[in-house]
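This is what each chain is made of:
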Amino acid sequence: MLASSELIALVKSYDPEANADMLKKAYIFAMEAHGLQKRASGAPYFYHPAEVARILAELHMDVPTVVTGLLHDVLEDTNVSFEELEEIFGSEIAFLVEGVTKLSKINYTSAHARHAENFQKFILAVARDIRVLLVKLVDRLHNMRTLNYIEDPEKRRRISLETLNVYAPLAERIGLSIVRKEIEDIAFYNLHPNEYSIIAMKLEKIRNEDSDFIENTIAELNNILTKEGINATVSGREKEVYSIWKKMQKNNISVEQVNDITAFRIIVNSVKECYAVLGLIHTHFQIMPGRFKDYISIPKLNNYRSLHTTVLGPKKQPIEVQIRTKEMHKVAEEGVAAHWGYKSGNVLTSDKDIRAKKFVQDLVTVAQTSPNPEEAMNYSRLDMYDDEVFCFTPSGEVVTLPRGATVIDFAYWIHTDVGNTCIGVRVNGKMVPLKTVLRNGDQVDIISSPYQHPEVAWERFVVTGKAKSCIRKYIRSKEKAEFVALGLQLTQHVFAHSNVIFQEDAIDLRKFSCDKINQFYYNVGKGVISLGKIRELLPKVTGDKSSEFAVCITDFTPGIAVHFADCCHPILDDHVIGILVPEKGLVIHLASCAHICCDGQEHIQVKWNHDDYISRALVCHLRIVMLNKVGSFADVTEAISQSSGHITNLRVESRSDDFFELQVDVKVRSDEHLKDMLATLRSSQSVKNVKQL
Ligand code: MN
């Protein structure tokens, strides 16, 4: 196992001022935290984080990143808490470790490319700091190197698929191609063992036929370069099995038909030399048309720069030649890591650094670098997706929504019907109010009920066009029916009030300029036809006696034809009256509301119907025994509203010196919601006992 002294020496080799104490402290801390835990291989668990730290050091990462490598599994797999890490190692490292831990909790489950792309975005958003992503990628690299110890073939498959679809593209995206190539090959080997061995065997065969091919070609290339006085490093290698396979798939060819199974690399000192070498290669060997690429003039998106050409080599077989400078080579292998300033005081000056800056800008917001460690952290922040938020469903599907989206937006994203019938939401396992704004990484579980329907109030807090238009559409579709129904009840109310038996046929529609009875009711509901006029023209169908008639508030959707007044906020079972407001509908006030006393408006009798209400949300009756002390009431009501319960009634049943006994009626959405609420109440220090009646 890597010793702490070896790790420190390795880091000191590129950062002489590295904090050795910090590295040593993290090394011992992680080793003790993992204790006797074992890996699938049977090796001590700590072997894994130590290797991750070693690879990070080999990539010349800064000390916090290497320390994060050592600690990256302690939050997930040991008893160590975030607070403990923060206290011992500071907030930067605690933040980085927590970031890696968050990424470990998500599993990529879908095989769809669309989901893979979303998943990549999601990881970038959750990672927030590029160093989190680098540690995660190196963690994955080491896990892939030890994948053969995992016995369950299905698990190996899942990890390989995730590696190929999610982590390899992410590694490529930040230019970490040495990691990308290695994890791709191991994943490919596990997913397609037959194809892998066929290609590997054929490569072996080709190699045996001309065992000195690579060596001889390198010698010849060196020869040409030396004659021209160019100082260069030439290397040659076989391409990776996976990249050969991809080429075979893409062009539908056999392994023998794959050109340039071998690639040669010429590394020189300047851009000028790159083009000079290109000229030499093209004069000495026959060029294969259409294969020349100049990634120096036009770098790849991940800032890869190099010249590529394919020529017929010394033995007339195609070889690929890549020509680049040392700096380009470092970027090609390590990508963003190559530019990682391990000293926070780095100032971007040279041409190379400006390009690096532009590149990092694509992935990272570049704040002014300064010796201040907090600002240095900003430099590495990943917030390219700041206008989006990434959440996922209980089955792990990633949902991308605009920032500021609420759980209702999420419900409508799933399906219009899910949105329309959304009655409650659990985020990360906890019930939350429907207007809750989503954050990156939230797992969202929508609870729906066939009795639920969109509420007018939702329109105010949703942000997606789909949610907005669905809610509006629902309201429009309800509007006419609601005003007609209200008009009918108001007409019945006028009849009853005048002690006349209600008979629809008796209404003379022509006197109200209406063709159809529903048109009449609609106009009554909207307040266009005044109740006074109906009363005036009332057909005289008097009977023995007429019963009282009150408009039933709970027959209506709040916010369409019937509204609750903003001045007094009536709730279920309050003593209320209605006032008809032209064009708006019936506004419900508390009977005692000061706003309605003396302006001559007609007070319309209204009532609540419990049965209707209960069909939409359950009202449950709780008996709560709480301590008789200051603040107890506040504690209880806060506990209820925290779990988004709505108190519809509250009575003090008895009181003693020590205790209050309350009966509280609370509207809940489901049994689970009730359970959550009871748990919250029971955990309150002011509550002695809670019982459902
Ligand atoms: Mn790990």
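Up top you'll find the structure we're talking about.
In short, a report on the structure. This is a predicted model, so every value here is computed, not measured. (Residues numbered from 1 in each chain as written. Predicted model: local features only at pLDDT ≥ 70, side-chain atom pairs only at ≥ 80, totals over all residues. Heavy atoms only, no water.)

1. A word on the overall build of the protein chain
The line we're drawing: The helix count covers DSSP runs of H or I at least four residues long, the strand count covers runs of E at least two residues long, and both are numbered beginning at the N terminus. With a 1.4 Å probe rolled over the protein chains alone, any residue whose accessible area is under 20% of its type maximum counts as buried; one over 50% counts as exposed, and the rest are partly exposed. Per-residue and other accessible areas follow the Shrake-Rupley method at a 1.4 Å probe size, with only the shown protein chains counted as cover for residues.
Scanning the protein chain for helices and strands turns up 27 helices and 20 strands. Counting over 693 residues, the protein chain shows a buried share of 48%. Taken as a whole, the protein chain presents about 33,600 Å² of accessible surface, with 50% of it coming from carbon and sulfur.

2. Looking at the sheet that holds strand S9 (residues 422-427)
Our working definition: When DSSP locates at least two bridges between a pair of strands, those strands are taken to pair. To get an axis, fit a line to the C-alpha atoms, keeping to the stretch in contact for a helix; angles then go from 0 to 180 degrees between the N-to-C directions. Contacts are assigned to residue pairs with any non-hydrogen atoms lying within 4.5 Å of each other.
Read across the open sheet, the three strands follow the order S10-S9-S11; overall the sheet is antiparallel. Looking at the sheet topology across the chains shown, the edges are occupied by strand S10 (430-432) and strand S11 (444-448). Geometrically, the sheet is characterised by an average inter-axis angle of 35° between neighbouring strands, direction not taken into account. In the sheet, S9 pairs with S11 via five bridges, with the strands oriented antiparallel. Paired with arginine 426 across the strands is aspartate 445, a residue of S11. Set on the sheet, helix H19 (residues 407-414) makes contact with S9, S10 and S11; between it and S11 the angle comes to about 80°.

3. Some details on unusual backbone geometry
We note that serine 513 has phi near 50°; this positive angle belongs to a residue other than glycine. Structurally, the position occupied by serine 513 is in the loop between helix H22 (465-497) and helix H23 (517-525).

4. A word on the nonpolar core
This is how the line gets drawn: In this description, a nonpolar core means a group of buried Ala, Val, Leu, Ile, Met, Phe, Trp, Tyr and Cys residues linked to one another through side-chain atoms lying within 4.5 Å.
Formed by 73 residues in total, the largest nonpolar core has its most connected members in Val66, Val67, Leu71, Leu85 and Phe89. With nine residues, the top contributor of residues to this core is helix H9 (residues 130-145). Each residue touching phenylalanine 89, except ones within four places of it in the same chain, is listed here: Met22, Lys25, Ala26, Phe29, Val67 and Leu71. Judged by nonpolar contacts, the second largest core, of 30 residues, contains Leu490, Val524, Ile529 and Trp608.

5. Considerations on a negative patch on the surface
For clarity, the cut-off: What goes into a patch is any residue over 30% in relative accessible area without a salt bridge, connected to like charges within 9 Å or, for nonpolar side chains (Val, Leu, Ile, Met, Phe, Trp, Tyr), within 5 Å. Here, a salt bridge means any side-chain nitrogen of Lys or Arg that lies within 4 Å of a carboxyl oxygen of Asp or Glu. Only four residue types enter the tally: Lys and Arg on the positive side, Asp and Glu on the negative side; His and the chain ends are excluded. To locate a charge, the coordinates of NZ of Lys, CZ of Arg, CG of Asp or CD of Glu are taken.
Together, Glu83, Glu84, Glu86 and Glu87 make up a region of like negative charge exposed at the surface. Along the chain, the position of glutamate 84 falls in helix H6 (residues 82-89).

6. Details of the environment of valine 463
Inspection of the secondary structure assignment puts valine 463 in the loop between helix H21 (458-461) and H22. In the structure, valine 463 is positioned 60 residues away from arginine 403 in sequence and 8.6 Å away in space, judged by C-alpha atoms. Leaving out residues up to four positions away in the same chain, valine 463 has contacts with Pro402, Gly404, Ala405, Asp409 and Lys468.

7. Overview of the sheet that holds strand S13 (residues 562-564)
Across the sheet, which stays open at both edges, the five strands sit in the order S12-S16-S14-S15-S13 with mixed pairing between neighbours. One side of each edge strand has no neighbouring strand; the edge strands of this open sheet are strand S12 (551-552) and S13. Alignment of S12 against strand S16 (residues 604-607), held across two bridges, turns out to be parallel. Looking across to S16, one finds that valine 551 is bridged to valine 606.

8. Quick word on the coordination of the manganese ion
Short version of the rule: Distances up to 2.8 Å from the metal define which N, O and S atoms are donors, and 3.2 Å serves for Na, K and Ca; water is absent from the atom set, so sites may look incomplete.
The manganese ion binds to the protein through His48 (NE2), His72 (NE2), Asp73 (OD) and Asp139 (OD); the donor distances cover 2.1 to 2.4 Å. Mapped onto the sequence, the donors of the manganese ion take the spacing H-x23-H-D-x65-D. Taking the relative accessible area as the measure of exposure, histidine 72 reaches 1% and is therefore buried. On the basis of relative accessibility, which here comes to 7%, the residue aspartate 73 falls in the buried class.

9. As for the pattern of salt bridges
A full pass over the atoms with the stated rule returns 19 salt bridges. Note that lysine 136 is salt-bridged to aspartate 139, the shortest N-O span being 3.5 Å. With a gap of three residues between them, lysine 136 and aspartate 139 both fall in helix H9, about one helical turn apart. Taking relative accessible area as the criterion, lysine 136 reaches 4% and is therefore assigned buried.

10. Digging into the packing of helix H4 (residues 63-71) against helix H7 (residues 91-104)
What counts is decided by this rule: Put simply, angles under 35 degrees are roughly parallel, angles over 145 are roughly antiparallel, angles from 65 to 115 are roughly perpendicular, and the rest are oblique. Here is the rule for handedness: rotate from the far helix to the near one, and if that takes an anticlockwise turn smaller than a right angle the crossing is left-handed, while a clockwise turn gives right-handed. Classes in brief: Ala, Val, Leu, Ile, Met, Phe, Trp, Tyr, Cys and Pro nonpolar; Asp, Glu, Lys and Arg charged; the others, Gly included, polar.
Across the interface, H4 lies against H7 with an axial gap of 9 Å and an inter-helix angle of 50°. The orientation of H4 with respect to H7, classified from their angle, is oblique. Once H4 is placed against H7, the crossing between them reads as right-handed. Here Pro64, Val67, Thr68 and Leu71 of H4 come into contact with H7, specifically with Glu92, Ile93, Leu96, Val97 and Val100. Partitioned by chemical class, the residues of the contact of H4 with H7 number seven nonpolar, one polar and one charged.

11. Some words on the packing of helix H12 (residues 193-209) against helix H14 (residues 241-251)
Between H12 and H14, the least distance of the axes is 10 Å, while the angle of their chain directions is 100°. Classified by the interaxial angle, the pair formed by H12 and H14 is roughly perpendicular. Counted together, Glu195, Tyr196, Ile199 and Leu203 of H12 and Val241, Ile244, Trp245 and Met248 of H14 form the full contact between these two elements. A class-by-class count of the residues in the contact of H12 with H14 yields seven nonpolar, no polar and one charged.

12. Observations regarding the environment of asparagine 19
One can find asparagine 19 in the loop between helix H1 (4-14) and helix H2 (20-34). Between the C-alpha atom of asparagine 19 and that of valine 63, which follows or precedes it by 44 residues, the distance is 7.2 Å.

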